[in-house]
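Close look at the chain arrangement
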Amino acid sequence: GAGMNGHFAMTLNHGDFLRQLRGWLHGARAAEQTANLPERVPFFDRRAFESLRTMMGGERVSEWIAKFIQRLEATFPVAAADTPGRELLARDAHTLVSDAALLGFTELSRLCGELQEVCVNGGDVDPVILRVRAAARAAESQAREISPQR
């Protein structure tokens, strides 16, 4: 979980991360309301996205969405012949954990955290990356819908 200074350790508990993020975005009251997060998180949390857009402004969030889409396309290309090396995949998944969560793509964030863990711990990447790729395609499609730069 987050320490007293709000920093997270390298091994990130997804539920703790979402609770802390919501606390930052919605204040202390929201942190109390999310104390009992369900184990299964929604694919896209529109309320978290709208809160981010209200707080940061539409223009900045539009830029983040564009970068997010580019990162998804680069990390999980549609016509991927090979899976990148574990180290690169773990680094990209680590970046996407926070990017996806900030934009409201909670399921993709959770899956990227799982992928990072599997890469680092030497587990079987194949079943996890299939789920991540599917979530990435869905998130990319949703990101294009919510982006005002369509």
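So, about the packing of aromatic side chains. Following the criterion strictly, the structure yields 4 aromatic pairs and no others. Seen in terms of ring centroids, phenylalanine 44 and phenylalanine 49 are 6.0 Å apart; in terms of plane orientation they differ by 45°. Their pairing is tilted. Across the pair, phenylalanine 49 and phenylalanine 44 agree in class, each one buried. Measuring from ring centre to ring centre gives 5.2 Å for phenylalanine 68 and phenylalanine 105, while their planes differ by 10°; the resulting arrangement is stacked. Of this pair, phenylalanine 68 sits in helix α3 (residues 58-75) while phenylalanine 105 is found in the loop between α4 (86-103) and α5 (106-121), placing the two residues 37 residues apart along the sequence. Residue classification places phenylalanine 68 among the buried residues on the basis of a relative accessible area of 1%.

Right, let's talk about the nonpolar core for a bit. Grouped together as the largest cluster of nonpolar side chains are 32 residues, with contacts concentrated most on Phe68, Phe76, Phe105, Leu108 and Leu115. For this core, the secondary-structure elements that each account for two or more residues are α2 (46-56), α3, α4, α5 and α6 (125-146). Here this core takes 9 residues from α6, the largest share from any one element.

With the rule as written, the count across this model stands at 9 salt bridges. For glutamate 50, the salt bridge identified is with arginine 53, shortest N-O distance 2.7 Å. With glutamate 50 and arginine 53 both in helix α2 and 3 residues apart, this pair spans about one turn of that helix. Judged by its relative accessible area of 27%, arginine 53 falls in the partly exposed class. Arginine 71 is the salt-bridge partner of aspartate 99, the closest N and O atoms lying 2.3 Å from each other.

Moving on: α3. Each α-helix winds once per 3.6 residues, and so residues spaced three or four apart point in a common direction. A rise of 1.5 Å per residue sets the reference length of α3, with its 18 residues, at 26 Å; its end C-alpha atoms lie 25 Å apart and thus fit the reference within 8%. When we look at burial in α3, the residues that qualify are Val61, Ser62, Ile65, Phe68, Ile69, Leu72 and Thr75. The arc that holds every buried residue of α3, seen down its axis, measures 160°, which confines them to one face. α3 presents Glu59, Lys67, Gln70 and Ala74 as exposed residues on the side facing more than 90 degrees away from its buried surface.

Attention shifts here to the environment of phenylalanine 68. Sequence separation between phenylalanine 68 and alanine 143 is 75 residues, and the spatial gap between their C-alpha atoms is 8.3 Å. Contact partners of phenylalanine 68, with chain neighbours within four places excluded, come to Leu96, Asp99, Ala100, Leu103, Phe105, Leu108, Ala139 and Ala143.

Attention now goes to the packing of α2 against α3. Between α2 and α3, the shortest axis-to-axis distance is 7 Å and the interhelical angle comes to 125°. Comparing the axis directions of α2 and α3 gives the class oblique. Counting all contacts with α2, which are made through Phe49, Leu52, Arg53 and Met56, the residues of α3 involved are Gly58, Arg60, Val61, Trp64 and Ile65. Considering only residue class, the contact of α2 with α3 consists of 6 nonpolar, 1 polar and 2 charged.

Parameters at a glance
Residues numbered from 1 in each chain as written. Predicted model: local features only at pLDDT ≥ 70, side-chain atom pairs only at ≥ 80, totals over all residues. Heavy atoms only, no water. Phe/Tyr/Trp six-rings, centres within 6.5 Å; stacked < 30°, edge-to-face > 60°. Buried < 20%, exposed > 50% of the residue type's maximum accessible area, 1.4 Å probe, protein only. Helix = DSSP H or I, 4+ residues; strand = E, 2+ residues; numbered from the N terminus. Core = buried A, V, L, I, M, F, W, Y, C linked by side-chain atoms within 4.5 Å. Salt bridge = Lys/Arg side-chain N within 4 Å of Asp/Glu carboxyl O. Expected span 1.5 Å × (residues − 1). Arc of directions from axis to C-beta. Contact = heavy atoms within 4.5 Å. Axes fitted to C-alpha atoms, helices over the stretch in contact; angles between N-to-C directions. Parallel < 35°, antiparallel > 145°, perpendicular 65-115°, else oblique. Nonpolar A, V, L, I, M, F, W, Y, C, P; charged D, E, K, R; others polar.

By themselves, these observations are geometric and do not establish any function.
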